[in-house]
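Coordinates in review
So the chains spell out like this:
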Amino acid sequence: MIDSIWLLRIVEDTVVDGPGFRTAVYGSGCNHRCKGCHNPHSWNKENGEQYTIQEVADKILMNPVSDVTFTGGDPFYQAEAFGRLAELIKKRSNKKIWCYTGYCFEEVVRHSGFRHLLSQIDILVDGPFIQDLYEPGLLFRGSRNQRLIDVRLSLIHNRVIEWNYNPFPVFEKETL
Ligand code: SF4
């Protein structure tokens, strides 16, 4: 079983990679080479450092508040390692896991080596960054082709179901 993972960095309590406070785990390595990529330094896996998956999980779990975002690079470039990390997190917490990838959801679903990681992600932000579709101010993503996908519902219904962001769920409930 794989026990190490290549990471560029871990950023605690970020608020830009999904809703609320999150621990962002930046995997190194990406083969999509999107024009206008925000971080070409992340393409080469060896620009990162190797950690044990257990030590990364322990660090994430020490934070009782923050949810988790896998980003990079492309975490699916190390799908087995991120799958194991997600498994350790889910076994010991109810943290929500978001994951960014340059693959489209339809490609991820078809790839047998990606299934384990996919099955543990709550929201997948999918697709490459496309400079011509860049739009400032898009919620948690850079270009209009990228989608915020509710993975559990999409797998159940066998079609892409996008996540519905509601920043004020309590207020909405009270007005019903
Ligand atoms: S998937 Fe992300 S990290 Fe990879 S090349 Fe595209 S924008 Fe850059």
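In what follows, the structure referred to is the one given above.
Now for a quick tour of the structure. Small disclaimer: the values here were computed from a predicted structure and weren't measured.

The next thing to look at is the packing of aromatic side chains. Given two aromatic rings, their pairing is described by the distance between the two centres and the angle made by the two planes. Applying the stated criterion to the full structure yields eight aromatic pairs. Ring centres of Trp98 and Trp163 lie 5.0 Å apart, and the angle between their planes is 85 degrees; this geometry places the pair in the edge-to-face category. Of this pair, Trp98 sits in strand β5 (residues 97–100) while Trp163 sits in the loop between α5 (151–157) and α6 (169–175), and the two are 65 residues apart along the sequence. Of the residues examined, Trp163 reaches a relative accessible area of 22% and is grouped as partly exposed. Centroid distance Tyr103 to Phe114: 5.1 Å. Interplanar angle 55 degrees. Geometry classified as tilted. Placement of the pair is Tyr103 in the loop between β5 and α3 (105–110) and Phe114 in the loop between α3 and α4 (115–118), with a sequence separation of eleven residues.

What follows is about a nonpolar patch on the surface. Side chains of Val15, Val16, Phe21 and Val65 sit close together on the surface and give an oily, nonpolar patch of about 400 Å² of accessible area. Residue Val65 is classed as exposed on the basis of its relative accessible area, which comes to 60%.

Under the criterion given, the structure shown has seven salt bridges. The partner of Lys91 in a salt bridge is Glu87, with the nearest N and O atoms 3.4 Å apart. One end of the pair is Lys91 and the other is Glu87, both in helix α2 (residues 79–92) and four residues apart, which spans about a single turn. A single salt-bridge network, built from bridges that share partners, covers Glu106, Asp126 and Arg147.

As a structural note, the neighbourhood of the ligand is formed by Cys30, His32, Arg33, Cys34, Cys37, His38, Ser42, Trp43, Gly73, Gly102 and Phe129. Taken together, the residues of the shell around the ligand sort by class into five nonpolar, five polar and one charged.

Another point: the sheet that holds strand β3 (residues 49–52). Spatial strand order, β3-β1-β2-β4-β5-β6-β7: seven strands in an open sheet with mixed pairing. A single partner strand is all that each edge strand has here, and the edge strands are β3 and β7 (147–150). Strand-to-strand, the axes of this sheet are offset by a mean angle of 30 degrees, without reference to chain direction. Judged from the five bridges that link them, strand β2 (residues 22–27) and strand β4 (residues 67–71) form a sheet pairing that is parallel.

Residues Ile53, Val56, Ala57, Ile60 and Leu61 constitute the buried set of helix α1 (residues 53–62). All buried residues of α1 fall inside an arc of 130 degrees around its axis, so they share one side. Against β1 (4–14), β2, β3, β4 and α2 lie the buried residues of α1.

Quick notes on the rules
Residues numbered from 1 in each chain as written. Predicted model: local features only at pLDDT ≥ 70, side-chain atom pairs only at ≥ 80, totals over all residues. Heavy atoms only, no water. Phe/Tyr/Trp six-rings, centres within 6.5 Å; stacked < 30°, edge-to-face > 60°. Helix = DSSP H or I, 4+ residues; strand = E, 2+ residues; numbered from the N terminus. Buried < 20%, exposed > 50% of the residue type's maximum accessible area, 1.4 Å probe, protein only. Patch = residues over 30% accessible without salt bridge, like charges linked within 9 Å, V, L, I, M, F, W, Y side chains within 5 Å. Areas by Shrake-Rupley, 256 points an atom, 1.4 Å probe, with all protein chains shown as cover. Salt bridge = Lys/Arg side-chain N within 4 Å of Asp/Glu carboxyl O. Near = heavy atom within 4 Å. Nonpolar A, V, L, I, M, F, W, Y, C, P; charged D, E, K, R; others polar. Pairing = 2+ DSSP bridges. Axes fitted to C-alpha atoms, helices over the stretch in contact; angles between N-to-C directions. Arc of directions from axis to C-beta. Contact = heavy atoms within 4.5 Å.

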